[in-house]
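The chain contents come next:
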Amino acid sequence: MHSSAIDFLMLSAPQLLRGLQQTVVIAASAIVVSTLGGLLFGVLRSLNIPFVSGVLRLYLELVRAVPLLVWLFVFFFGLPIALGLDLSSISCAILVFSLWGITEVGEVARGAIQSLPRGQQEAGLAIGLSRQQLYRYILLPQALRRLIPPTMNVYTRLIKTTSLSVLIGVTEVIKSGQQIIERTHESLLIYSALFVLYFLLCFPLSMMARQLELRWSHG
Amino acid sequence: MTLYPMIWRMELSVDFDGLFILQHWQEFALAVWVTFKIGLVAIAGATGVGLLNAIILRYANKPLRLLIHGYIEVARNTPLLIQLFVIYFGLPEFGIRLSGEVSAWIAMIFLGGAYLTEIFRSGLQAVAESQLESARALGLSRWQQLRYVLIPQAWSISLPALFASYIFLLKETTVVSAVAVPEILYATTNYIALYYKTYEMLALMTLLYVAIFVPLSLALHRLEKRVQHAQFGY
């Protein structure tokens, strides 16, 4: 029984890995966009520019007002009707997860920047740095340490969240698993394998986040 | 699940049929009820699991603590959807056949319990050492220390994080639509498939969730402010 289970998983591995590629594409794209967009979002929010802050706040509250899976469905079903936009399900997933990730990383970045002692900003301005130099040389380098561990936690959440894209028909790792199950009816083995697979993707990241947090909290 | 792309292509209606929503309001009221029922069961169960685990973590021996830490890591580093699928589709192979709703409860308590363990653990740690020393000096038993000194204070320290987790869990109820639990999201996609009222259903679903979550997150903001005030006063 045991060896046959292993044989079965070995046989299923290529198809699962093909699905995993799609999962990785979605996760990696969303992570890149969320990181870049989120940093921008955080810096802009920390600047407290009247109109811009209002718009960003509205965007944030809008994203958070409704569960992520609801946005996924609204974009997937709604965009074709509302804008005549024929997005593939995978692009739709990347779009929604990125929009969500930007707010999550953005709030982390804003928090990190605003948690710096006020004296840093005042001292920077007092020695005649421009806003841009202030952020470039004083605030961002210091904020980075407080920002990286929680951002890595956002990444693990993003990776976990990619699982939802199967529900709008993306052929990612879960869908591949379901195709194997349809053929072989080995649902326990396949879903357990997926369980382990996701754990292997996410656990190292969250461990690393905790280590970094511990190490940098003393500095 | 393979239905969705098909529906999307067949969608033709553009004008908004508000009457349709009115005609089916009872079904949607039921779906809202299911959402809350699952959310509340998950919240209650996860709170129990979390509190128990946090207490065990405080007093128990090392193997037991390791076990709980292991549980937290596993629950937090895997998607709810897969946890749900293992329970709903996987367990029947052991002869354990659970309904979608019961699977949803178990999966959500499994996930939520891990988050709440962490929250209660740090809440218990945050209670001042002098409180415990005073309790001991008064001769309170270990159970009395927990019941009258530690838990009440830990509870109010953890309250904002707790409330945020409850909102998170209530949002996660959308995921259980994947095992055909008739909550709001499932009802919506179901109606889209049956009647092609895509516009109306999407609008109604979004509206329902906004009506649920916006007041909750406003309440959370207020709670955070109040707790901050309490700490300043202290």
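Residues numbered from 1 in each chain as written. Chains lettered and ligands numbered in written order. Predicted model: local features only at pLDDT ≥ 70, side-chain atom pairs only at ≥ 80, totals over all residues.

Participant: Account for the overall build of chain A, naming residues and giving values.
Facilitator: For chain A, the count of helices and strands is eight helices and zero strands. From first element to last, N terminus to C terminus, chain A shows the α and β order α-α-α-α-α-α-α-α. With the principal axes as the frame, chain A shows a C-alpha extent of 70 × 50 × 25 Å. Expressed as a percentage of its 219 residues, the buried residues of chain A come to 39%. Across chain A, the fraction of contacts at a sequence separation of at least 24, relative to all contacts at a separation of at least 6, is 79%. (Helix = DSSP H or I, 4+ residues; strand = E, 2+ residues; numbered from the N terminus. Buried ≥ 20, exposed ≤ 12 C-beta atoms within 10 Å, placed from the backbone. Contact = placed C-beta atoms within 7 Å.)

Participant: Summarise the overall build of chain B; cite the residues concerned and give the values.
Facilitator: The helix and strand inventory of chain B stands at 10 helices and zero strands. Helices and strands in chain B line up, N terminus first, as α-α-α-α-α-α-α-α-α-α. Computed over its C-alpha atoms, the radius of gyration of chain B comes to 22 Å, more than 25% above the 17 Å expected for a compact globule of 234 residues. Taking the principal axes of the C-alpha coordinates as reference, chain B spans close to 75 × 50 × 25 Å. The 234 residues of chain B split such that 38% are buried. (Rg over C-alpha atoms; globule rule 2.2 N^0.38 Å.)

Participant: Before we move on, could you go through the interface of chain A and chain B and cite the residues and values that matter?
Facilitator: At the junction of the two partners, chain A supplies 30 residues and chain B supplies 36 residues. Going through the elements one at a time, α2 (50-65), α3 (68-83), α6 (131-161) and α8 (187-218) of chain A are the ones with two or more residues in the side of chain A that touches chain B. In terms of residues, the side of chain A that touches chain B owes the most to one element, α8(A), which gives 11 residues. Residue composition of the side of chain A that touches chain B, by class: 21 nonpolar, seven polar and two charged. (Nonpolar A, V, L, I, M, F, W, Y, C, P; charged D, E, K, R; others polar.)

Participant: Quick one: what's the story with the nonpolar core, residue by residue and with numbers?
Facilitator: Within the largest apolar cluster, 112 residues are counted, with the highest numbers of intra-cluster contacts made by A:L72 and B:L84. It is helix α6 (residues 100-126) of chain B that contributes the most residues to this core, 13 residues altogether. The residues contacting B:L84, other than those within four sequence positions of it, are B:S103, B:A104, B:A107, B:V175, B:V176, B:A178 and B:V179. (Core = buried A, V, L, I, M, F, W, Y, C linked by C-beta atoms within 7 Å.)

Participant: Tell me about the confidence of the model for chain B, and name the residues and values.
Facilitator: Residue and element names in this part refer to chain B. The pLDDT averaged across chain B works out to 89; a share of 91% of its residues lies at or above 70. Within the model, the stretch residues 5-13 combines pLDDT values under 50 with 12 contacts to residues more than four positions away or in other chains. Reported confidence for the predicted complex is 0.92 by ipTM and 0.89 by pTM. (pLDDT = per-residue confidence, 0-100.)

Participant: I'd like a description of unusual backbone geometry, backed by residues and values.
Facilitator: A positive phi angle, near 65°, is found at A:H185, a position not held by glycine. Relative to the elements of secondary structure, A:H185 occurs in the loop between α7 (173-184) and α8. Judged by C-beta crowding, with 11 C-beta atoms within 10 Å, A:H185 ranks as exposed. With a phi close to 55°, B:Y196 is a non-glycine residue in the positive phi region. Relative to the helices and strands, B:Y196 is located in the loop between α9 (184-195) and α10 (198-233).

Participant: Outline the packing of helix α3 (residues 25-59) of chain B against helix α4 (residues 62-76) of chain B, supporting the account with residue identities and numerical values.
Facilitator: Each pair of packed helices can be summarised by the angle the axes make with each other and by the distance between the axes. Residues and elements named next belong to chain B. Orientation of α3 relative to α4, taken along the N-to-C sense of each, is 145°, at an axis distance of 8 Å. Seen along the crossing, α3 lies across α4 with a hand that is left-handed. On the side of α3, the interface is formed by N53, I56 and L57, while α4 contributes L64, R65 and I68. Taken together, the residues that form the contact of α3 with α4 break down as four nonpolar, one polar and one charged. (Axes fitted to C-alpha atoms, helices over the stretch in contact; angles between N-to-C directions. Left-handed = near helix turned anticlockwise from the far one by under 90°.)

Participant: Before we move on, can you summarise the environment of B:V49 with the specific residues and values?
Facilitator: Residue and element names in this part refer to chain B. Position of V49 among the secondary structure elements: in helix α3. Separated by 64 residues in the primary sequence, V49 and G113 place their C-alpha atoms 5.2 Å from one another. The contact partners of V49, leaving out residues within four places of it in the chain, are I109, G113 and L116.

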